[in-house]
Amino acid sequence: MIFGCRTILALMIYNNVISDENIGEDYDYEYDDKEVLGKRSENISRRLVGAKRADVELVPWIVGYSAIRTLHDTTSCSGSLISPSWILSAAHCFVFLLPVTRLQKCVENTKKKGKYNTRFMGMKCTAFLDGHLKMELTDLPGKVYLGTGDVNDRRDVLKGDTFTIDYMIRHKFSYSGKSSYGSYGGYDIALLHIATPAGTRYRPACIPGVNYKDTGLGKGYDGGVKVFLAGYGKYTRKPCLTDDHGPAKYHYCSSKPCRISPAPSKILCKKFFKHPNTPDDVPRDHTDLVIMTQSGTAVYCYPRFSPKSRSLGWCVVNEDASVVGKLKRSGTWGFCSKECYLNSDSFLEPETNVLRLKTNVDILDEELCNFFLQKSLVKKVQVEPEILCIGRSKHLNYTLWTVQGEGFKKVDHKELDFKHKLESDQILDDRNVYIHSAGICNGDSGGPVFVTEPKMSNFVVLGVVSGGRGKLGKCGGMNNPTHYARVKKFTNWIQEVVASTGESVCVAE
């Protein structure tokens, strides 16, 4: 089979290995597609939250859409084209149109009166024998954008194509809430049908077969498979997050603006850094330095200034989510991450409606993902969600010292059987890691987590954005990996639905 040059070029670019040596991972992991192609952009480098703009020509199957038609071009969710007429997205993107409690009423009214009127539009609901539901948008049907990198720019919209959503298919065990699983749970996945098939310019992505490996992938694991996120969601987040070099790692700043003075430091830490036989700062490849006192107390030391090249200081943090499943008041601090000044340059990025990409993210292994899922369920649910957990798995890098008289001695962690304060749960303790989100936010819902499949010269959509379920909320932070509907658990259902309209999907085995 002969594949288009554009698709092959895209796979070559996205599989390109970018060295992480001597760069700050959370600041410089993005790279510019045009730069890789040898066409360095003359504009300021444009950067989900803080992500870099994606070249829509390389991932033309990623869509932005508005669930109902509006006066202006805008997107409310993202999705993936998986056949000429079908888009894979999230069920919660449509919950506001018709609450679950009114589904049966919509079915009944459709039979009796031809349609059901909601406060937004007229709608037809058809219940299938297998329990799935077809929802046709008869008034103000939504709009899909393909081939458009910036929906805010009318000229860019005209370069691509727009399509009308004529109906969607809701899974019989579909997710029914907005921000939590509640007592039902369910699957946050949906299929959107567009009235006119997309042309050959838009080659659909593949979905995984039931045996396709979709967990334990990314830089935090063996690093052999590069994992990508994309969507049309928000560029900035308020409040912004801290970085990984202070006591409150990946937590929300409670104070603004960031303080440019030296960060707080404990008396023992100041004494340590002034001692003639010890380092004068935390080593650059470590985030913490821990001193064990003679009484057995662990004192954590941090840099006075963040080693991140563009850091603008530190902030107060009032909420602590370092223990999985718990949120408590705190009086600590952290270094401001790049999120705190994303739009501080003279060139301001649009807040939303722009296709952006992130890489170097992790799909957590099944054991770890199930651990976070169970922590997020406040009660036993009727239908347990089928999800992937997307975030970043970070190894704890720190040095351990003990107080020896008036001096200090460096020791091995195992020598003292020491456990870092972030190792709050056994499953994390055994791995010497902590988990934080990758930056998905409003508008990215329904968007893909995907990998490249060189054997098929195509992309494979492994998951669909559902949302963050950790205690911190607001799309990100410590112990708040994003939940994605696990596509391979629905491959058979997707194939059946698509085949019912005479089309087929590409399945990667």
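Colleague: How would you explain helix 10 (residues 491–499) if you had to name every residue and give the values?
Modeller: Of the residues making up helix 10, those classed as buried are Thr491, Trp493, Ile494, Val497 and Val498. Buried positions in helix 10, seen along its axis, are confined to an arc of 160° and lie on one side of it. In this fold, the buried residues of helix 10 make contact with strand 3 (77–83), strand 4 (86–89), strand 9 (161–170), strand 10 (190–194), strand 11 (207–208) and strand 27 (507–508).

Colleague: Any details on the state of the cysteines? Residues and values, ideally.
Modeller: In this structure the tally under the stated criterion is eight disulfides. Two residues share a disulfide in this structure: cysteine 106 and cysteine 125, whose sulfurs sit 2.0 Å from each other. Between cysteine 106 and cysteine 125, the S-S torsion sits near 85°, and that sign places the bridge as right-handed. Here cysteine 125 lies in strand 6 (residues 122–127) and cysteine 106 lies in helix 4 (residues 103–113), a separation of 19 residues in the sequence.

Colleague: Could you give an account of the nonpolar core, naming the residues involved and the relevant values?
Modeller: Within the largest apolar cluster, 70 residues are counted, with the highest numbers of intra-cluster contacts made by Trp61, Tyr65, Leu88, Met123, Leu191, Phe450 and Ile494. Apart from the residues within four sequence positions on either side, leucine 88 is in contact with Gly79, Ser80, Ile82, Ile189, Ala190, Leu191, Gly446, Val461, Val464, Val487 and Ile494.

Colleague: Go over the sheet that holds strand 21 (residues 398–404), please, and point to the residues and values.
Modeller: Strand pairing within a sheet occurs via backbone hydrogen bonds; the two strands may be parallel or antiparallel. What the four strands build is an open sheet, ordered 15-14-21-22; its pairing is mixed. Strand pairing shows two members of the sheet lacking a second neighbour, strand 15 (298–301) and strand 22 (407–411), which therefore form its edges. Pairs of neighbouring strands in the sheet enclose a mean axial angle of 30°, with direction left out of account. Two strands pair when backbone bridges link them, and strand 14 (residues 288–292) and strand 15 are joined in this way by four bridges, in the antiparallel orientation. Residue pairing for strand 15: methionine 292 is matched across the bridge by alanine 298.

Colleague: Please set out the packing of aromatic side chains residue by residue, giving values where relevant.
Modeller: Counted according to the given criterion, the structure contains 18 aromatic pairs. Ring geometry for tyrosine 65 and phenylalanine 94: centres 5.9 Å apart, planes at 15°, overall stacked. With a gap of 29 residues between them, tyrosine 65 in strand 2 (residues 62–68) and phenylalanine 94 in the loop between strand 4 and helix 4 connect regions that are remote in the sequence. Residue classification places tyrosine 65 among the buried residues on the basis of a relative accessible area of 0%. The buried category is assigned to phenylalanine 94, whose relative accessible area is 3%. Residues tyrosine 175 and tyrosine 181 carry aromatic rings whose centres are separated by 5.9 Å and whose planes lie at 85° to one another, so their mutual orientation is edge-to-face. Comparing tyrosine 175 with tyrosine 181 shows no difference in burial state: the two are buried. Aromatic ring contacts, followed pair by pair, group Trp61, Phe228, Phe450 and Phe459 into a single cluster. Stacked on the ring of tyrosine 167, the Lys or Arg lysine 134 has its end atom at 4.3 Å from the ring centre. The ring of tyrosine 300 has lysine 421 lying over it, and the distance from NZ or CZ to the ring centre is 4.5 Å.

Colleague: Give a detailed account of the pattern of salt bridges, specifying residues and quantitative values.
Modeller: Under the definition given, this model contains 14 salt bridges. Close ionic contact of glutamate 57 with arginine 201 constitutes a salt bridge, the shortest N to O distance being 3.3 Å. Placement of glutamate 57 in the loop between strand 1 (52–53) and strand 2 and of arginine 201 in the loop between strand 10 and strand 11 is noted, with a sequence separation of 144 residues between them. Residue arginine 201 is classed as partly exposed on the basis of its relative accessible area, which comes to 31%. Salt-bridge contacts for arginine 201 lead to aspartate 161; the nearest nitrogen and oxygen are separated by 3.6 Å. One end of the pair, arginine 201, is in the loop between strand 10 and strand 11; the other, aspartate 161, is in strand 9, with 40 residues separating them in the sequence. A network of salt bridges, in which partner residues are shared, links Asp214, Glu366, Arg486 and Lys488.

What counts as what
Residues numbered from 1 in each chain as written. Predicted model: local features only at pLDDT ≥ 70, side-chain atom pairs only at ≥ 80, totals over all residues. Heavy atoms only, no water. Buried < 20%, exposed > 50% of the residue type's maximum accessible area, 1.4 Å probe, protein only. Helix = DSSP H or I, 4+ residues; strand = E, 2+ residues; numbered from the N terminus. Arc of directions from axis to C-beta. Contact = heavy atoms within 4.5 Å. Disulfide = S-S within 2.5 Å. Core = buried A, V, L, I, M, F, W, Y, C linked by side-chain atoms within 4.5 Å. Pairing = 2+ DSSP bridges. Axes fitted to C-alpha atoms, helices over the stretch in contact; angles between N-to-C directions. Phe/Tyr/Trp six-rings, centres within 6.5 Å; stacked < 30°, edge-to-face > 60°. Lys NZ or Arg CZ within 6 Å of the ring centre and 35° of its normal. Salt bridge = Lys/Arg side-chain N within 4 Å of Asp/Glu carboxyl O.

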